[in-house]
Amino acid sequence: MRSRFGILGFLLLSACASGQLAELTPEENKWPTDPALRLIAEDYFQQASTEPYQNLPPGLGFSFRNFDDSLISDHFVQRLRGMSRNELVRFVKSNGVNNFYDTERIRICNNPEARFLLDNGYRYAFNLKILGPSKIFETRKEFSKGFCIAGEHALIDSEAVAERYNMARFWPSGQKVDIRIMEKVTGLFQVIAAKFDEETAPDGSYFVTDVQADGLMLTFLLERKGNKTETLSKYWKQNLKGRSIENICSKPSRLVALTVGAVYAYSIKSDSSDGSENTSNFTVSYDDCLRYNRK
């Protein structure tokens, strides 16, 4: 991942560049085969022209929207012509594009058509192109409904955490869970904690420093790696929980543990650009997965 200062250097070299991107026609897009889903997809496709993006950062312009099977791609061009060096420096240091993207993710989650598509397996991609005199700089960010789910519920399921020692559990049908199953879950968590080096973080910019088993709760301790003083995005906590939800709630073995009351907890430490330390705690519990797997 490039630091914002590396990107700044490229922007300064590219300030006089210009270019144009091609847009696919409605016929060229790869639409879903389901008629009802396609109707929603076509409507959301049309919104790109009838309801253009508002409040764009300086120099950023929306170009077009494409559908490629299960991916919605919005394309943007950063136009730097006319911006002074100081304006470029301020723009990059203020995290302008990333903050705009974070705000847009919330708006997209609240758009009925976009949310329907996300709930049915679509991913959304934010594509940015900067055309330089001799090369092209491109950046791409993606998210799916896990991010939306993370913002619709408290970051921490306090009840699940408080009940982590309670071994008397019930299946959703009301039938009591065999105590031997509960013992297997707690034993499995202890094994995972002992071999935490095999676990991966929900985001590539973090690494696992420790894993702790506490009853029916498994806690992952994470720290940022690389450029620790890089400006964090506005919704970095929601983004991390969303990725964790997508990872955990799609695995049958973990879903069984969550169904009987287990909880996955994350404790994250990050250093901000002003030298202060940001910490965040969140959990992934059965309620999160129930929302995630519901269409």
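Structure: see above.
Residues numbered from 1 in each chain as written. Predicted model: local features only at pLDDT ≥ 70, side-chain atom pairs only at ≥ 80, totals over all residues. Heavy atoms only, no water.

### Here we look at the pattern of salt bridges
The test is simple: Salt bridges, as used here, are contacts in which a Lys or Arg side-chain nitrogen is within 4 Å of a carboxyl oxygen on Asp or Glu. Elements are defined by DSSP. Helices are runs of H or I of four residues or more, strands are runs of E of two residues or more, and each kind is numbered from the N terminus.
Under the counting rule described, the total for this entry stands at 14 salt bridges. Between Asp68 and Lys30 there is a salt bridge, with the nearest N and O atoms lying 3.8 Å from each other. Of this pair, Asp68 sits in strand β1 (residues 60–68) while Lys30 is found in the loop between α1 (4–13) and α2 (35–50), placing the two residues 38 residues apart along the sequence. Taken together, the salt bridges that share partners define one network made up of Arg123, Arg140, Glu142 and Glu246.

### Describing the nonpolar core
Within soluble globular proteins, side chains that are nonpolar generally end up buried alongside one another. This is how the line gets drawn: Here, the term nonpolar core denotes a set of buried Ala, Val, Leu, Ile, Met, Phe, Trp, Tyr and Cys residues that are joined through side-chain atoms within 4.5 Å. Whether a residue is buried, partly exposed or exposed follows from its accessible area with a 1.4 Å probe, protein chains only, as a fraction of its type maximum: under 20%, in between, or over 50%, in that order. Whether two residues are in contact is decided by their heavy atoms, any of which lying within 4.5 Å being enough.
The biggest cluster of nonpolar side chains holds 32 residues, and the ones touching the most others in it are Leu218, Tyr264, Tyr266, Ile268 and Val284. No other element matches the five residues that helix α8 (residues 179–194) contributes to this core. Excluding residues that lie within four positions of it along the chain, Val284 makes contacts with Ser244, Ile245, Ile248, Cys249, Leu258, Val263, Tyr264, Tyr266 and Cys289. Counting 24 residues, the second largest nonpolar core, distinct from the first, contains Tyr44, Ile108, Phe147 and Cys148.

### Focus: the packing of α2 against helix α5 (residues 112–119)
How we decide: Axis definition: a line fitted to C-alpha atoms, over the contacting stretch in the case of helices. Angles run 0 to 180 degrees between N-to-C directions. Here the word oblique covers every angle except those under 35 degrees (roughly parallel), over 145 (roughly antiparallel) and from 65 to 115 (roughly perpendicular). Two helices that cross are described as forming a left-handed crossing if the nearer one is turned anticlockwise from the farther one by less than a right angle, and a right-handed crossing if clockwise. Under the grouping applied here, Gly and all other residues not named as nonpolar or charged are polar, the nonpolar ones being Ala, Val, Leu, Ile, Met, Phe, Trp, Tyr, Cys and Pro and the charged ones Asp, Glu, Lys and Arg.
Packing of α2 against α5 brings their axes to within 9 Å, and their N-to-C directions diverge by 135 degrees. As judged from the angle between their axes, α2 and α5 are oblique. Pair α2 / α5 crosses with left-handed handedness. Where α2 approaches α5, its residues Leu37, Ile40, Ala41, Asp43, Tyr44 and Gln47 are matched on the opposing element by Glu113, Ala114, Phe116 and Leu117. Residues that form the contact of α2 with α5 fall into these classes: seven nonpolar, one polar and two charged.

### Remarks on the state of the cysteines
Under the convention used in this document: When two cysteine sulfur atoms are found within 2.5 Å, that pair is recorded as a disulfide.
Applying the stated criterion across every chain, the model contains two disulfides. Paired through a disulfide, Cys109 and Cys148 show a sulfur-sulfur distance of 2.0 Å. The disulfide joining Cys109 to Cys148 has a torsion of about -80 degrees about its S-S bond and is therefore left-handed. Taken together, the positions of Cys109 in helix α4 (residues 96–109) and Cys148 in helix α6 (residues 145–150) put the pair 39 residues apart, joining distant regions of the chain. Here Cys109 falls in the buried class, since its relative accessible area comes to 9%.

### Observations regarding the pairing of strand β2 (residues 71–78)
Quick reminder of the rule: Strands were regarded as paired on the criterion that DSSP finds at least two bridges between them.
Taken across its eight residues, β2 has eight buried, putting it largely inside the fold. Of the two faces of β2, the one lined by Leu71, Ser73, His75 and Val77 and the one lined by Ile72, Asp74, Phe76 and Gln78 are each fully buried. Here β1 pairs with β2 via eight bridges, running antiparallel. Within β2, the position partnered with Phe67 by the bridge is Ile72. Once β1 ends, the chain turns through two residues before running back antiparallel as β2, passing Asp69 with a positive phi of about 55 degrees.

### A short note on α2
Quick note on the threshold: For a helix, the expected span equals 1.5 Å multiplied by the number of residues minus one. It is the directions from the helix axis to the C-beta atoms whose arc is reported. Pairs of N or O atoms within 3.5 Å make up the polar contacts considered here, provided that, within protein, one atom can donate a hydrogen while the other can accept it, and that residues adjacent in sequence are counted only when both atoms are side-chain atoms.
In this model α2 runs 23 Å from its N-terminal to its C-terminal C-alpha over 16 residues, within 8% of the 22 Å that 1.5 Å per residue would give. Among all positions in α2, only Leu37, Ala41, Tyr44, Phe45, Gln47 and Ala48 are buried. Mapping the buried residues of α2 onto a view down its axis gives an arc of 145 degrees, with all of them on the same face. The outward face of α2, more than 90 degrees from its buried face, is lined by the exposed residues Pro35, Leu39, Ser49 and Thr50. Backbone nitrogen of Ala36 and a side-chain oxygen of the N-cap are separated by 3.1 Å at the start of α2; the cap is Asp34.

### A short note on the pairing of strand β5 (residues 206–214)
Relative to strand β6 (residues 217–224), β5 is paired through eight bridges, and the arrangement is antiparallel. Across the sheet, residue Asp214 finds its bridge partner in β6, namely Met217. Here β5 folds back onto β6 in antiparallel fashion, the turn holding two residues, of which Gly215 has a positive phi close to 65 degrees.

### Thoughts on the packing of aromatic side chains
Basically, it comes down to this: Planes of paired rings set the category: under 30 degrees apart is stacked, over 60 is edge-to-face and the rest tilted, where pairs are Phe, Tyr or Trp rings (Trp by its six-membered ring) whose centres lie within 6.5 Å. Two conditions define a charge located above a ring, namely a distance within 6 Å from the ring centre to NZ of Lys or CZ of Arg, and an angle within 35 degrees of the ring normal.
Considering all chains together, one arrives at 15 aromatic pairs under this definition. Pairing Phe62 with Phe76 gives two aromatic rings, centres 5.4 Å apart and planes at 70 degrees, and the pair type is edge-to-face. With Phe62 in strand β1 and Phe76 in strand β2, the pair connects residues that are 14 residues apart, well separated along the chain. Taken together, the ring pairs connect Phe62, Phe76, Tyr101, Tyr124, Phe126, Phe143, Phe147 and Tyr235 into an aromatic cluster. Across from the ring centre of Phe147, 4.3 Å away, lies the NZ or CZ of Arg105, which sits over that ring.

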